[in-house]
Amino acid sequence: MGAGRTVTSATGTADHPGFDGGDRPDHREILDCVHCGLCLPTCPTYLMTGLETASPRGRVYLIRTVEEGQGGISPVFVKHLDQCLGCLACQTACPSGVPYANLIETARDQVERQYERPVADRAWRGLLLQLFPYPRRMRPLIGALYWYQRAGLSRLLRTTGLLGRLSRRAARMEALLPSVPTARERRPLPERTPAVGVGRGRVGLVAGCIQPLLLPEVNRATARVLASAGYEVITPRGQGCCGAMHLHTGHLDAGRDMARHLIAAFDEADVDVVVANAAGCGAAMKGYGHLLRDDPAWHGRAAAFSERVRDVSELLGAAIWNGALRALPLTVTYHEACHLAHGQRIRQEPRSLLRQIPGLRLVELPESDLCCGSAGVYNLLEPEMSQELLQRKVERIQGTGASVVAMGNIGCLLQIRLGLEQAGLRTRAVHVVELLDWALHGGAVSDGPPAVAGRADERGTTATHSNNQSMEE
Ligand code: SF4
Ligand code: SF4
């Protein structure tokens, strides 16, 4: 194993640099790995390839070779790191407590600072990072994509396969794009949603960067359900992105800047709790204390902020509905988003919430915590591995016989909806909080063909909505 280069210095090889100062994998954390291999059966990339280099143990070993100056940041090293989903299943499985998230994020930061990627790869990564986390840049683009779909260009590109011949990654992005909501649907949430009944506190809602533009119904459902549970919901304008995308792709300093901005926005809003309904955002924000540990001006504030972060299922677990939940006669299965199950160790809360809904039958999903292949922007960077994992996930969902698959993360929602569409299944993929919203506020749903008002897009797919009102642009 290793990069296979002649060592010429303590920090790299003749051809490839080693790790430099700043953010770098912690040698003591690397040595926590005792090579037991217990993480291997839980690792999606190892399961799919059977290769040691595609396993957590293999990746920790590769990081160690560079950290100890026995190898450099070579193309082989970068390839094996790129193939990691960052799903953190290995971190859950590891009996030695290897903090794999720290190791992969710092190693990737080294890669991005020191390694010259091929031009096309660099350009694609740069495009994603310069667009997705910035709602102000995305808003006009999403507006254009709305008309692109309505004009039939999406169907044209798909049927001709033209985009796929030009770029597999771009074709993947096009396929993942849901039916773009209308301008009215994309309007921002009100800055304040008052509590219904007796107030239980004031919470801040993290809207996310992409979610308000592509799946705005999830945030609206979240605000309605929180308000019904007695919370005043504050959604600060200009809160920006949590930085997860930058943190997971090796841009730690940019991620820190986004973290500071978001902390300031929510501190100003003076909320008791900060609520996330996207697993990746919640996990990133719970890590702000660690992320900003070396910044004396922000560390205390970041640690206090992280303490206040809750996934929406954690917060609603304590809600008392007093018979307000109406029956939903549905067979539902639950997919565990990696950054909920492994990143935040939240596993029972969403299931408990679903079980509270009268009439809803929850069936367990085999391999429920195996990554669906979304993993932030992994599906746009490694489309082949992502697709293999998606097919496996969809087969497991189909095997349950459920008419609905629930989850707690926008990336999984977009990915699994694509997989269900590819497989020609009518199973609906929804956020857990949408089911609660239907139970609280209506939405005549039952097993069988979708009965909730949907929006047929020009591709002929149907997107489910809570209280959708057939709104036109
Ligand atoms: S983060 Fe996921 S894909 Fe990466 S090594 Fe760990 S288990 Fe494997
Ligand atoms: S389970 Fe932990 S200690 Fe064992 S090989 Fe995997 S990372 Fe290393």
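The rules behind the values
By convention here, each chain's residues receive numbers from 1 onward along its written sequence. Chains and ligands are labelled by the order in which they are written, letters from A for the one and numbers from 1 for the other. Owing to the predicted nature of the model, reporting of local features is limited to residues with pLDDT of at least 70; listing and counting of side-chain atom pairs is limited to 80 or more, with chain, interface and lining totals taken over all residues. Side-chain metrics in this entry use all non-hydrogen atoms of the structure; hydrogen atoms and water are not considered. Here, strands pair whenever DSSP counts at least two bridges between them. Counting from the N terminus, the helices are DSSP H or I runs at least four residues long and the strands are E runs at least two residues long. To define axes, lines are fitted to C-alpha atoms, for helices over the stretch in contact only, and angles between the resulting N-to-C directions are given on a 0 to 180 degree scale. Contact criterion: two residues are considered in contact whenever any of their non-hydrogen atoms come within 4.5 Å of each other. Here, a salt bridge means any side-chain nitrogen of Lys or Arg that lies within 4 Å of a carboxyl oxygen of Asp or Glu.

Draft legend 1. Expanded view of the sheet that holds strand 11 (residues 428-431). Read across the open sheet, the four strands follow the order 9-8-10-11; overall the sheet is parallel. With partners counted over all chains shown, the strands left at the sheet margins are strand 9 (361-363) and strand 11, one partner each. With direction set aside, neighbouring strand axes in the sheet form an average angle of 35°. As defined by bridge partners, strand 8 (residues 331-334) adjoins strand 10 (residues 404-407) across three bridges and the pair is classed as parallel. Within strand 10, the residue paired with V332 across the bridge is V404. Along the sheet, helix 24 (residues 410-422) contacts strand 10 and strand 11; its crossing angle with strand 11, the most-contacted strand, is approximately 170°.

Draft legend 2. Representation of the pattern of salt bridges in the model. On inspection of all chains with the given rule, the structure shows 34 salt bridges. For D437, the salt bridge goes to R224, with nearest N and O atoms at 2.7 Å. Of this pair, D437 sits in helix 25 (residues 432-441) while R224 sits in helix 13 (residues 216-228), and the two are 213 residues apart along the sequence. The partner of E367 in a salt bridge is R392, and the shortest N-O contact between them spans 2.7 Å. With E367 in the loop between strand 9 and helix 22 (378-381) and R392 in helix 23 (residues 383-400), this pair connects stretches of sequence that are 25 residues apart.

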